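# Residue-level structure breakdown
Residues per chain are reported as follows:
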Amino acid sequence: MANLKFDTQKIKAGYDPLQNNLAISPPIYQTTAYDFKNTEHAQNLFTYKEAGFLYTRVGNPTVNFFSERVKALDGAKNAVAVGSGMAAISYTLLNLAAKGGTILASPYLYGGSIDAFDRLFPELGVTIKLTDAVLDSEKLEAEITDDVKAIYVESISNPNAYLLDIDAISEVAHKHGVPVVVDNTLATPYLYRPLEHGADIVVYSATKALTGHGNIIAGLILDNGDMSLYTKERYPQFYEPIVMLQGKSTADIFPDNFFIFRATLVYLNLLGAALSPQDAYLGIIGLETLSERVAKQTKNAEKLVKYLESSPAVEWVRHPSAKDYKFKALADKHLTNGGGGLLSFGIKGTPEQEETFINNIKLFHYHVNLGDARSLIVDSPNTTHSELTDEEKVLADIPSNLIRISAGLEDADDLIDDLEQAFKAAGLI
Ligand SMILES: *Cc1c(COP(=O)(O)O)cnc(C)c1O
């Protein structure tokens, strides 16, 4: 399976009909728990001497089909699916900063991540420092102190389509023994595979383009299987004896997979944001068309960018295909399948005209999702990124006139007509 191409893997990886009564569509294991065959079997499962399923919060076959498939698409070694993108992010960072510490984070992030960093993590003894040094690896290196437990970035960021140089960031992080965590939600493995660029851990909101139909909330944590970065000095949590493991540590039990094992055993198990088998199934169906969807979304985004760049109602446009894109060289090198469906633009005119524009949109959906089959439009500074302080908005480069679009799968001409009539209604053209 490993030598098959991406588009074959997205249909086949992680699921074998031969093991499942020859069913071509993966069965939904709608079960809470799994019988023990006898007391020895129960003991073996509890002590991880034998692989198997116990209880759906910590493992389910349908959920595994889903995580195994994404694992193959990303070229990862280990994976776990969880109940949301936020659970994937929180569990990952808590697992790395279990004893407290600092996470250096990109300021170009999903609004909910920044909200968690400002409000939840400090309560748990974790400091998250947003720093634009992620744009300059020399500056970043100067910020990696002994207290730093991870560097956290988005590969393509929301809402400005910033593109970070994960190779450069990983190089300086590894010099100091610190892993790089990449939220690859916007890119999906179709556009970008962070582990091939030196990242150690990838997290997803599988709610978005990865599954792409606006019908589930789901998340994933993946890693590259290299546990050598997690030293006893910086990450003692992996080496502590655990009663339930009969005094062994997570590193003793799974020397090649203790990062995700501990994330599952401690955070998924005890905080409990499990993915349901039904939603995992919908996710698997979504993955089957990942390339086709993201390729069409990219095409539609490119047509919208051309239209917006020529419109007198628009101040600026941000997308990898835009004329004055900030990260052109990096995009040409790394985004060989295109720049994706996310774009943003600055609307000319007063805030009232912006409101009239939004209120006159008919075809685009006005809501907070991304990567859906339907095209979405949203005034990010007032909605998706309203949690950010004014300083955070400046740092994140989110001007107040920013409008975000997630291009869907419609005919681009209809989308352009919709924008045109709404600009007219607002008196902008
Ligand atoms: C939506 C999103 C999240 C959060 O994911 P949920 O599945 O909604 O919890 C995290 N990161 C990015 C980039 C997102 O777009």
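Quick look at the structure, then.

So, how was this worked out
- Residues numbered from 1 in each chain as written.
- Predicted model: local features only at pLDDT ≥ 70, side-chain atom pairs only at ≥ 80, totals over all residues.
- Heavy atoms only, no water.
- Salt bridge = Lys/Arg side-chain N within 4 Å of Asp/Glu carboxyl O.
- Helix = DSSP H or I, 4+ residues; strand = E, 2+ residues; numbered from the N terminus.
- Buried < 20%, exposed > 50% of the residue type's maximum accessible area, 1.4 Å probe, protein only.
- Pairing = 2+ DSSP bridges.
- Axes fitted to C-alpha atoms, helices over the stretch in contact; angles between N-to-C directions.
- Contact = heavy atoms within 4.5 Å.
- Patch = residues over 30% accessible without salt bridge, like charges linked within 9 Å, V, L, I, M, F, W, Y side chains within 5 Å.
- Areas by Shrake-Rupley, 256 points an atom, 1.4 Å probe, with all protein chains shown as cover.
- Near = heavy atom within 4 Å.
- Polar contact = N/O pair within 3.5 Å; in protein donor to acceptor, adjacent residues only side chain to side chain.
- Nonpolar A, V, L, I, M, F, W, Y, C, P; charged D, E, K, R; others polar.

We now examine the pattern of salt bridges. This structure, assessed with the given rule, holds eleven salt bridges. Close ionic contact of E292 with K10 constitutes a salt bridge, the shortest N to O distance being 3.2 Å. Here the residue E292 occupies a position in helix α12 (residues 290-309), and K10 occupies one in helix α1 (residues 6-12), the gap between them amounting to 282 residues. We classify K10 as buried; its relative accessible area is 2%. The structure contains a network of salt bridges with shared partners spanning R318, K326 and D397.

The next thing to look at is the sheet that holds strand β1 (residues 78-82). Spatial strand order, β1-β7-β6-β5-β4-β2-β3: seven strands in an open sheet with mixed pairing. The open sheet has two free edges, formed respectively by β1 and β3 (126-130), since each of these has just one partner strand. For this sheet, the mean angle separating the axes of adjacent strands, direction not counted, is 20 degrees. Relative to strand β4 (residues 148-154), strand β2 (residues 101-105) runs parallel, the two sharing four bridges. Along β4, the bridge assignment pairs L104 with I151. Each of β1, β6 (201-205) and β7 (219-223) touches helix α3 (residues 61-74); the most contacted strand, β1, lies at about 130 degrees to it.

Nonpolar side chains collect at one region of the surface, where F36, F46 and M244 lie side by side and expose about 260 Å² of accessible area between them. Structurally, the position occupied by M244 is in the loop between β7 and α9 (250-253).

Next up on the list: the site of the ligand. Taken together, 15 residues lie near the ligand, and G85, D183, S205, T207 and K208 sit nearest. Within the backbone of M86, one N or O atom sits 2.9 Å away from an oxygen atom of the ligand. Within the side chain of D183, one N or O atom sits 2.7 Å away from a nitrogen atom of the ligand. Protein contact buries 94% of the 380 Å² of open area that the ligand shows by itself. Considering every element that reaches the shell around the ligand, the biggest residue donor is helix α4 (residues 85-96), with three residues. Across the shell around the ligand, the residue classes tally to seven nonpolar, five polar and three charged.

The next point concerns helix α5 (residues 111-119). Every α-helical turn comprises 3.6 residues, leaving residues that sit three or four positions apart pointing alike. Among the nine residues in α5, seven count as buried, and that is most of the element. Inspection of α5 places G111, G112, S113, I114, D115, A116 and F117 among the buried residues, and these make up the whole buried set. Tucked into the core, α5 has its buried residues touching α4, β2, β3, β4 and α15 (390-395).

Here we take up the environment of W316. Relative to the elements of secondary structure, W316 occurs in strand β8 (residues 314-318). On the basis of relative accessibility, which here comes to 16%, the residue W316 falls in the buried class. In this structure, the C-alpha to C-alpha distance between W316 and N160, residues 156 residues apart in sequence, is 11 Å. Residues within four places of W316 in sequence aside, it is in contact with S344, F345, G346, P399, N401 and L402.

It is worth spelling out the pairing of strand β12 (residues 402-406) at this point. Successive side chains on a regular strand alternate, one facing one side of the sheet and the next facing the other. Within β12, five of the five residues are buried, which leaves it mostly tucked inside the rest of the structure. Neither face of β12 is left uncovered, since the one carrying L402, R404 and S406 and the one carrying I403 and I405 both have all their residues buried. Sheet topology note: the strand β9 (residues 342-347)/β12 ladder contains five bridges and is antiparallel. Across the sheet, L342 pairs through a bridge with S406, a residue of β12.

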